[in-house]
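Spelled out from the first residue to the last, the chains are:
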Amino acid sequence: HAGLMLMCLYVTYKAPEPMGEHFFAESFDRGTLDSWVLSSAKKDDTDDEIAKYDGKWAVEEMIDSKLPGDKGLVLKSRAKHHAISAQLLRPFIFDTKPLIIQYEVNFQTGIECGGAYVKLLSQTPDLDLDQFVDKTPYTIMFGPDKCGEDYKLHFIFRHKNPKTGEYEEKHAKKPDADLRTYYTDKKTHLYTLVVNPDNSFELLVDQTVVNSGNLLSDMTPPINPPAEIEDPDDRKPEDWDERPKIQDPDATKPDDWDEDAPAQIPDEDAVKPDGWLDDEPEYISDPDAIKPDDWDEDMDGEWEAPQVPNPACESAPGCGAWQRPVIDNPNYKGKWKPPMIDNPNYQGIWKPRKIPNPAFFEDLHPFRMTPFNAVGLELWSMSSDIFFDNFFITNDRITADRWANDGWGLKKAAEGAAEPGLAAQMLSAAEERPWLWVVYVLTVALPLVLIIVFCCTGKVRHTHTHTHTHTLQNTALDLKKRVALEGNLSVRLTGGTERSWTPKPRPRRRRRPGDAASLD
């Protein structure tokens, strides 16, 4: 990290240079928009106040740039229509080589609602970049888009119907990957689209595939219409029977079936609780209530005191006329209905007959799209300062990867070097979530406590072992002394058996002249 930091601070940024076959390359490091055209058109079917494409663009470094000298195209305005485009070096023709388009995006201030997608503008005789609007024909639209909690990565292409010549938008299936981070982390991300002559495609973010499929099977609506369709003029016959089950016409109601029996009946086994006050009402007039002074009996009617619970009932199981509780009637059967049986005349669910689709065609090579000769950004955004950089269009994967590594790769390394260390990240997280301090304390303290307990326990065990050994040694010396003094030793064993030992006299060695005195 230290080396990368030094690189970011002291090494002069060098713009990436295309090294192979390419149709468009733009790093904006010249600091101008000389090769780009700002649209001066108005958007149709929109209020005049917001119809103009008057959103501001600028070429500048990122707000928190980690690579001085690295410039990009920045969308500067909020709640404005923006449109800017540039011509390719030559038109891209879909033939035997893949299409690779990639560019970088950084939502520097986040993104509320808006897109950062790019359009590859179709090669048409009347293409005028000065009048670039939302309805300008395009071949492919690709890139990120977000509004609310809907995070999208578009891949849309306009397919030409070979029978009618009309164009229809085809949308790639939604990615399974979670794209949220790319919109919220305020980092620079590399978006890449690869479309191959075999109709396969890949969408990549930061050189990682997030969506893939085939133009023939993974676009909505499908490239090719069905060979057959339902006959719009077909009508269901009046006697067509779609009922899988019918009531048994031969069934009869049993003679003992009582349709009039109630669903619930009084419980005949119930007994009135002892102490039930039959003559006491459950509610009585409030004895403390007083008729208001402004009560007008002509207007308000006869005044009556409000009802309150009868205090005599508080200690009783109940007051008023006692009634048996009701229970489910075991003899209740309800209204009789014939049982259901399989319908012998069932014909299934009716569907119109199939007829050949008059609009049917089969295009097995949808990769052969309309050639394009310009790239453009036509955007509305509720967020400003969206940073674009290093646009590149080629038909060679190696060339694209080299461009990405020289541009986005350097930016990624610089951003990674500037990220805070683990400790700083932990402190920052704890400021937002104070409960993490408990996790940190337990994570650090628990191992220390275990180590201390283990070490102390091991030392105590050693001390006990040493003490036990020393005690045995002392006991052995005491026994030896007793035997020497008393001449024998008696020990009572487990079970009551008693055994005695008498030491045998040791032979005394005869002293020789010159021997020193010794003690046995």
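Residues numbered from 1 in each chain as written. Predicted model: local features only at pLDDT ≥ 70, side-chain atom pairs only at ≥ 80, totals over all residues. Heavy atoms only, no water.

- Under an unreviewed UniProt entry, the name given to the chain is Calnexin, and the organism recorded is Myripristis murdjan.
- What the UniProt record of the chain gives under Sequence similarities (unreviewed entry) is the line "Belongs to the calreticulin family." (UniProt positions renumbered as here; feature names shortened; annotations may be inferred.)

1. Let's talk about the packing of aromatic side chains
- Per the stated rule, a full pass over the model turns up 20 aromatic pairs.
- Centroid distance Trp57 to Phe388: 6.3 Å. Interplanar angle 50°. Geometry classified as tilted. Residue Trp57 is found in strand E3 (residues 57-61), and its partner Phe388 is found in strand E25 (residues 386-394); the two are separated by 331 residues along the sequence. This pair shows no difference in class: Trp57 is buried, exactly as Phe388 is.
- Seen in terms of ring centroids, Phe107 and Tyr183 are 5.6 Å apart; in terms of plane orientation they differ by 15°. Their pairing is stacked. One end of the pair, Phe107, is in strand E6 (residues 99-107); the other, Tyr183, is in helix H3 (residues 180-184), and 76 residues separate them in sequence. In this pair, the class of Phe107 matches that of Tyr183, namely buried. (Phe/Tyr/Trp six-rings, centres within 6.5 Å; stacked < 30°, edge-to-face > 60°. Helix = DSSP H or I, 4+ residues; strand = E, 2+ residues; numbered from the N terminus. Buried < 20%, exposed > 50% of the residue type's maximum accessible area, 1.4 Å probe, protein only.)

2. Section: unusual backbone geometry
- Look at the link from Thr220 to Pro221: it is a cis peptide, with omega at -10°.
- Mapped onto the secondary structure, Pro221 falls in the loop between strand E15 (219-220) and strand E16 (228-230).
- Positive phi, close to 55°, is recorded for Asp206, a residue that is not glycine.
- If you trace the backbone, Asp206 turns up in the loop between strand E13 (200-205) and strand E14 (208-214).
- One non-glycine residue, Asp385, lies in positive phi territory at about 60°.

3. Re the side chain of Asn161
- Relative to the assigned elements, Asn161 resides in the loop between strand E10 (150-160) and strand E11 (167-172).
- At 2.7 Å, the side chain of Asn161 and the backbone nitrogen of Lys163 are in polar contact.
- Looking at Asn161, its side chain comes within polar contact range of the main-chain nitrogen of Thr164, at 3.2 Å.
- If we skip the residues at most four places from it in the chain, Asn161 touches Glu166 and Phe361. (Polar contact = N/O pair within 3.5 Å; in protein donor to acceptor, adjacent residues only side chain to side chain. Contact = heavy atoms within 4.5 Å.)

4. Brief notes about the nonpolar core
- Core analysis: the biggest nonpolar cluster contains 65 residues, and Ile140, Phe142, Phe155, Leu215, Leu377, Phe388 and Ile393 have the highest contact counts within it.
- Among residues more than four places away in sequence, those in contact with Phe142 are Ile101, Tyr103, Tyr117, Val118, Leu153, His154, Tyr191, Thr192, Leu193 and Leu203.
- Counting six residues, the second largest nonpolar core, distinct from the first, contains Val194, Leu204, Phe392 and Ala400. (Core = buried A, V, L, I, M, F, W, Y, C linked by side-chain atoms within 4.5 Å.)

5. Some details on the pattern of salt bridges
- Applying the stated criterion across every chain yields a total of 24 salt bridges.
- Among the ionic pairs, Arg30 bridges to Glu26, the shortest N-O distance being 3.7 Å.
- The salt bridge partner of Lys152 is Asp150, with a shortest N-O separation of 3.6 Å.
- The partly exposed category is assigned to Lys152, whose relative accessible area is 34%.
- Here the salt bridges do not stand alone but share partners, grouping Asp70, Glu104, Asp389 and Lys411 into one network. (Salt bridge = Lys/Arg side-chain N within 4 Å of Asp/Glu carboxyl O.)

6. A look at the state of the cysteines
- Per the counting criterion, the structure on display carries two disulfides.
- Between Cys113 and Cys147 runs a disulfide, and the two sulfur atoms are separated by 2.0 Å. Taking the sign of the S-S torsion, -95° for the link of Cys113 and Cys147, the bridge is left-handed. One end of the pair, Cys113, is in strand E7 (residues 113-115); the other, Cys147, is in strand E9 (residues 138-147), and 34 residues separate them in sequence. (Disulfide = S-S within 2.5 Å.)

7. Re the side chain of Lys146
- Take Lys146: it is sitting in strand E9.
- Buried charge Lys146 goes without a salt bridge, the closest partner of opposite sign being Glu149 at 5.1 Å.
- In contact with Lys146, not counting residues within four places along its chain, are Ile111, Glu112, Cys113, Gly114, Tyr151 and Tyr183. (Lys, Arg positive; Asp, Glu negative; His and termini not counted.)

8. A few points about the pairing of E25
- Among the nine residues of E25, nine are classified as buried, and the element is accordingly described as predominantly covered.
- With three bridges joining them, strand E1 (residues 24-26) and E25 adopt antiparallel strand pairing. In the strand pairing of E25, Glu26 is matched with Phe391.
- As defined by bridge partners, strand E4 (residues 71-75) adjoins E25 across three bridges and the pair is classed as antiparallel. Across the sheet, Leu75 pairs through a bridge with Ile386, a residue of E25. (Pairing = 2+ DSSP bridges.)

9. Here's the deal with a negative patch on the surface
- On the surface, Asp293, Asp294, Asp296, Asp298 and Asp300 cluster together to form a negatively charged patch.
- Within the secondary structure layout, Asp298 lies in helix H4 (residues 297-300).
- On the accessibility criterion, Asp298 (74% relative accessible area) is exposed. (Patch = residues over 30% accessible without salt bridge, like charges linked within 9 Å, V, L, I, M, F, W, Y side chains within 5 Å. Areas by Shrake-Rupley, 256 points an atom, 1.4 Å probe, with all protein chains shown as cover. Charge placed at Lys NZ, Arg CZ, Asp CG, Glu CD.)

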